[in-house]
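# Summary of structural features
Chain residues, written in single-letter form:
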Amino acid sequence: MQNLYCWRCNADKPMLDETEFRAVSELLPEGIAATEAFREQAGLAPGEFNLQERFIPALEAYHRITGFREANPDVLWHHRLSLYGPPCPGCGRPFRTPKAPLCAACGFFPGTTPP
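Note that the coordinates shown come from a computational prediction; the quantities given were computed from them, not determined experimentally.

## Looking at the pattern of salt bridges
Summed over the entire model, instances satisfying the criterion amount to two salt bridges. In this structure, Arg 69 engages Glu 60 in a salt bridge whose closest nitrogen and oxygen atoms are separated by 2.7 Å. Classification of Arg 69 as exposed rests on a relative accessible area of 51%.

## Section: the state of the cysteines
What the rule picks out here adds up to zero disulfides. Left without a disulfide partner, Cys 103 is nearest to the cysteine sulfur of Cys 91, which lies 3.6 Å away. Owing to a relative accessible area of 1%, Cys 103 belongs among the buried residues under this scheme.

## Topic: the side chain of Glu 20
In this fold, Glu 20 is placed in helix 1 (residues 18-25). Looking at Glu 20, its side chain comes within polar contact range of the main-chain nitrogen of Met 1, at 2.9 Å. In contact with Glu 20, not counting residues within four places along its chain, are Met 1, Met 15 and Ile 65.

## Section: helix 4 (residues 56-66)
Among the residues making up helix 4, those that are buried are Ala 58, Leu 59, Ala 61, Tyr 62 and Thr 66. What you see down the axis of helix 4 is that its buried residues fit within an arc of 160°, all on one side. Taken from the residues just after helix 4, Gly 67 is the one with a positive phi, measuring 80°.

Thresholds, definitions, all that
Residues numbered from 1 in each chain as written. Predicted model: local features only at pLDDT ≥ 70, side-chain atom pairs only at ≥ 80, totals over all residues. Heavy atoms only, no water. Salt bridge = Lys/Arg side-chain N within 4 Å of Asp/Glu carboxyl O. Buried < 20%, exposed > 50% of the residue type's maximum accessible area, 1.4 Å probe, protein only. Disulfide = S-S within 2.5 Å. Helix = DSSP H or I, 4+ residues; strand = E, 2+ residues; numbered from the N terminus. Polar contact = N/O pair within 3.5 Å; in protein donor to acceptor, adjacent residues only side chain to side chain. Contact = heavy atoms within 4.5 Å. Arc of directions from axis to C-beta.

Next comes the structure, spelled out in structure tokens:
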């Protein structure tokens, strides 16, 4: 686990390495299946119920690993170190992906002088 800036959340967040992510991601299909079953039984549309309740096992696993209590199960998919690139020489925030051609935070382009 490592704290890293998340451009989607616009904040520093605990990011999972691959072993940690595997432990959390194995629980995500349970939440998806529980959500679909609940919606069908209740006849509800997306957004008409508390999504967090269906992902409690995955959210609790994330909390056990990171010490951070996350409320939004959607972030569990992208709080993964391998999705982010190296730190930008200009601003220090990570490139959005390992293959990103420039820093979306400050505009630094590799091969140029940092801003």
